[in-house]
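# Structure assessment
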Amino acid sequence: MNNNILVVDDEKEIRDLLEINLTNEGLNVFKASNGIEALEILVREKIDLLVLDIMMPGMDGLEVCKRVREKYNMPILMLSAKAEDMDRIQGIMTGADDYVCKPFNHLELIVRVRALLRRAYFFNAKMQTEEDIIRIESMIIDKSKHKVTNEEGEEISLTAREFEILYLLATNRGRVFSAEEIFEKVWKEKYFQSNNTVMVHMSRLRDKLENHMEGNKVIHTVWGVGYKIEK
């Protein structure tokens, strides 16, 4: 079955061009010209990946991303004319999985879309073949449902990358993982010295966990080495 992609951009030319390129790759494409329309489509359709422009009038892409992450776990690829590091970090902090700057190479965008879909598929398939439940203090990780809750049953909404980081640490309790190891295992890409992607995702993940666990720390920092979950 073909994957469903939702393209959200206020520029019709970009929406139409992305539709042509993605459709040529055998993907089903839905289009929205603004954030409100995008959220309405997500309610009606099963979307596997979101291509989301940041700079839109009214509700911008960052706000859309934040609202999507409250309910959904599909990968999000953000588009923006801004290339500064802070804009990348802000996109990641709101829940994006990847980031492409305009003007972009359409072949590169297709490669990134395919990589995100493949990663989501294999990660979900892997979870289904292993033990379903991991408990850490008052936190419950349900791998088959890609879901994390506390003992009160409140769901801790995580992005796909945040879940993968948590799952990696939770299944290797007591082991310290460096930022380089986490990046290469979760992103499946080579790590570069100046890359702060893991730090940004880790900060966001820890805040979410502590907010739902009465401030108790789950992920611990070993200064100068990396991160771990205690045995």
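Everything below is about the structure printed above this text.
Residues numbered from 1 in each chain as written. Predicted model: local features only at pLDDT ≥ 70, side-chain atom pairs only at ≥ 80, totals over all residues. Heavy atoms only, no water.

Here we come to the environment of E184. Mapped onto the secondary structure, E184 falls in helix α7 (residues 179–186). Residues in contact with E184, not counting those within four places in the same chain, are E189, K190 and Y191. Looking at E184, its side chain comes within polar contact range of the main-chain nitrogen of Y191, at 3.4 Å. (Helix = DSSP H or I, 4+ residues; strand = E, 2+ residues; numbered from the N terminus. Contact = heavy atoms within 4.5 Å. Polar contact = N/O pair within 3.5 Å; in protein donor to acceptor, adjacent residues only side chain to side chain.)

As a further point, take the side chain of D142. Within the secondary structure, D142 sits in strand β7 (residues 139–142). K145 is the oppositely charged side chain nearest to the buried, salt-bridge-free D142, at an N-O distance of 4.3 Å. Engagement of the side chain of D142 in a polar contact is seen with the backbone nitrogen of K145, the distance being 3.2 Å. (Buried < 20%, exposed > 50% of the residue type's maximum accessible area, 1.4 Å probe, protein only. Lys, Arg positive; Asp, Glu negative; His and termini not counted. Salt bridge = Lys/Arg side-chain N within 4 Å of Asp/Glu carboxyl O.)

By size, the foremost hydrophobic cluster in this structure holds 29 residues, and its most contacted members are M139, I141, L166, I182 and I219. Only β6 (133–136), β7, α6 (160–170), α7, α8 (197–212) and β10 (226–229) provide two or more residues apiece to this core. No other element matches the seven residues that α6 contributes to this core. Not counting chain neighbours up to four residues away, the residues in contact with M139 comprise I134, V148, T149, L166, L209, M213 and V218. Membership of the second largest hydrophobic core comes to 23 residues, among which are L39, L50, L52 and A96. (Core = buried A, V, L, I, M, F, W, Y, C linked by side-chain atoms within 4.5 Å.)

This brings us to helix α1 (residues 12–24). With 13 residues, α1 ought to run about 18 Å at 1.5 Å a step, and its terminal C-alpha atoms sit 18 Å apart, in line with that. In the stretch just after α1, G26 is the one whose phi turns positive, near 85 degrees. (Expected span 1.5 Å × (residues − 1).)

Turning next to the pairing of strand β5 (residues 98–101). Of the two faces of β5, the one holding D98 and V100 and the one holding Y99 and C101 are both buried throughout. With four bridges connecting them, strand β4 (residues 76–80) and β5 associate as parallel partners. Residue pairing for β5: L77 is matched across the bridge by D98. (Pairing = 2+ DSSP bridges.)

Attention now moves to the sheet that holds strand β3 (residues 49–53). Ordered by their spatial adjacency, five strands build an open sheet running β2-β1-β3-β4-β5, and the pairing between neighbours is parallel. At either margin of the open sheet sits one strand with a lone partner, and together these are β2 (28–32) and β5. Averaged over all pairs of adjacent strands, the angle between strand axes in this sheet comes to 20 degrees, irrespective of strand direction. When strand β1 (residues 4–8) meets β3, the two strands line up parallel, connected through four bridges. Its bridge partner being in β3, V8 is matched across the sheet by L52. (Axes fitted to C-alpha atoms, helices over the stretch in contact; angles between N-to-C directions.)

A surface patch of negative charge is lined by E151, E152, E154 and E214. Mapping E151 onto the fold places it in the loop between β8 (147–150) and α6. Assessed through its relative accessible area of 57%, E151 is described here as exposed. (Patch = residues over 30% accessible without salt bridge, like charges linked within 9 Å, V, L, I, M, F, W, Y side chains within 5 Å. Areas by Shrake-Rupley, 256 points an atom, 1.4 Å probe, with all protein chains shown as cover. Charge placed at Lys NZ, Arg CZ, Asp CG, Glu CD.)

A few words now on the pattern of salt bridges. What the rule picks out here adds up to 14 salt bridges. Across the salt bridge formed by K102 and E11, the nearest N and O atoms sit 3.7 Å from each other. You can see K102 sitting in the loop between β5 and α5 (106–128) and its partner E11 sitting in the loop between β1 and α1, a full 91 residues away along the chain. Using a relative accessible area of 16% as the deciding quantity, one classes K102 as buried. In this structure E11 comes out as partly exposed when scored by relative accessible area, which is 37%.

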